[in-house]
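# Examination of the molecular architecture
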Amino acid sequence: MKSIVIATDGSAPAQEAVEVGLELASEQGADVTFVHVTPADEFVTTRLGPAPAVPHREEIDESETALQNAAAAAETAGVTFALERISGNTVETIVQLADAKDADLIVIGSRGRGALASTLLGSVSQGVMTHARRPVLIVRGSHVAAEATV
């Protein structure tokens, strides 16, 4: 294993995914790319309405705590890493980045909202698992409340 993409949004499950992904990277000698996807900007408009947003890379600023925390954890673990903050559709962006990096694995946290909420709200982890053309490890947070699994 040479390359791992780890998605993070700063949530507790994402932080656990960072920990698991870094442990795997350390064991395998793999490089890590942390990705945080922000909603697509709708900065282009026409007379007919807003144009579809195009995913684009953004500069990382100090307010991006999810990526900064992931970077600190990688430094502590001695793992080589890169940070990507990209605006776009979350599922598509994670899958496309993993393809572009030729990642051997995508690691993502699951909020564990349960089947009903996933059906109604959709799930990023489920979407990545469905659309990725490479292995996906979904880390289910150990802090998920028992009633959330119904």
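Please refer to the structure higher up on the page.
Everything quoted here is computed from the prediction, not taken from an experiment.

Grouped together as the largest cluster of nonpolar side chains are 16 residues, with contacts concentrated most on Ile 4, Ile 6, Leu 22, Val 32, Phe 34 and Val 107. Sorting elements by how many residues they give to this core places helix α1 (residues 12-28) first, with 4 residues. Leaving out residues up to four positions away in the same chain, Leu 22 has contacts with Ile 6, Val 32, Phe 34, Ala 70, Ala 73, Ala 74 and Val 79. Membership of the second largest hydrophobic core comes to 15 residues, among which are Val 37, Val 91, Ile 94 and Ile 108.

This part covers the packing of helix α3 (residues 90-100) against helix α5 (residues 124-131). Between two packed helices, what matters for the description is the angle formed by their axes and the separation of those axes. At a closest axis distance of 9 Å, the pairing of α3 and α5 adopts a crossing angle of 45°. Considering the angle they form, α3 stands oblique to α5. Regarding α3 and α5, the two cross each other, and that crossing is right-handed. Contact residues: α3 offers Thr 90, Val 91, Ile 94 and Val 95, while α5 offers Val 124, Gly 127, Val 128 and His 131. Along the lines of polarity and charge, the residues of the contact of α3 with α5 split into 5 nonpolar, 3 polar and no charged.

Thresholds, definitions, all that
- Sequence positions are assigned chain by chain, starting from 1 and proceeding in written order.
- Confidence filtering applies because this is a predicted model: local features only for residues at pLDDT of at least 70, side-chain atom pairs given and counted only at 80 or more, and all residues used for totals across whole chains, interfaces and linings.
- Calculation of side-chain values draws on the structure's entire complement of heavy atoms; hydrogens and water are dropped beforehand.
- Here, nonpolar core means buried Ala, Val, Leu, Ile, Met, Phe, Trp, Tyr and Cys residues that are tied together by side-chain atoms lying within 4.5 Å of each other.
- Working definition: with a 1.4 Å probe on protein chains only, accessible area under 20% of the residue-type maximum means buried, over 50% means exposed, and in between means partly exposed.
- Counting from the N terminus, the helices are DSSP H or I runs at least four residues long and the strands are E runs at least two residues long.
- Any two residues whose heavy atoms approach within 4.5 Å are treated as being in contact.
- Lines are fitted to the C-alpha atoms to define the axes, a helix being fitted only along its stretch in contact, and any angle between axes, read from their N-to-C directions, falls within 0 to 180 degrees.
- Throughout, the term roughly parallel applies to angles under 35 degrees, roughly antiparallel to angles over 145, roughly perpendicular to angles from 65 to 115, and oblique to all others.
- Crossings are sorted by hand: turned counterclockwise from the far helix by less than a right angle, the near helix makes the crossing left-handed, and turned clockwise it makes it right-handed.
- Three classes are used: nonpolar for Ala, Val, Leu, Ile, Met, Phe, Trp, Tyr, Cys and Pro, charged for Asp, Glu, Lys and Arg, and polar for all others, with Gly counted as polar.

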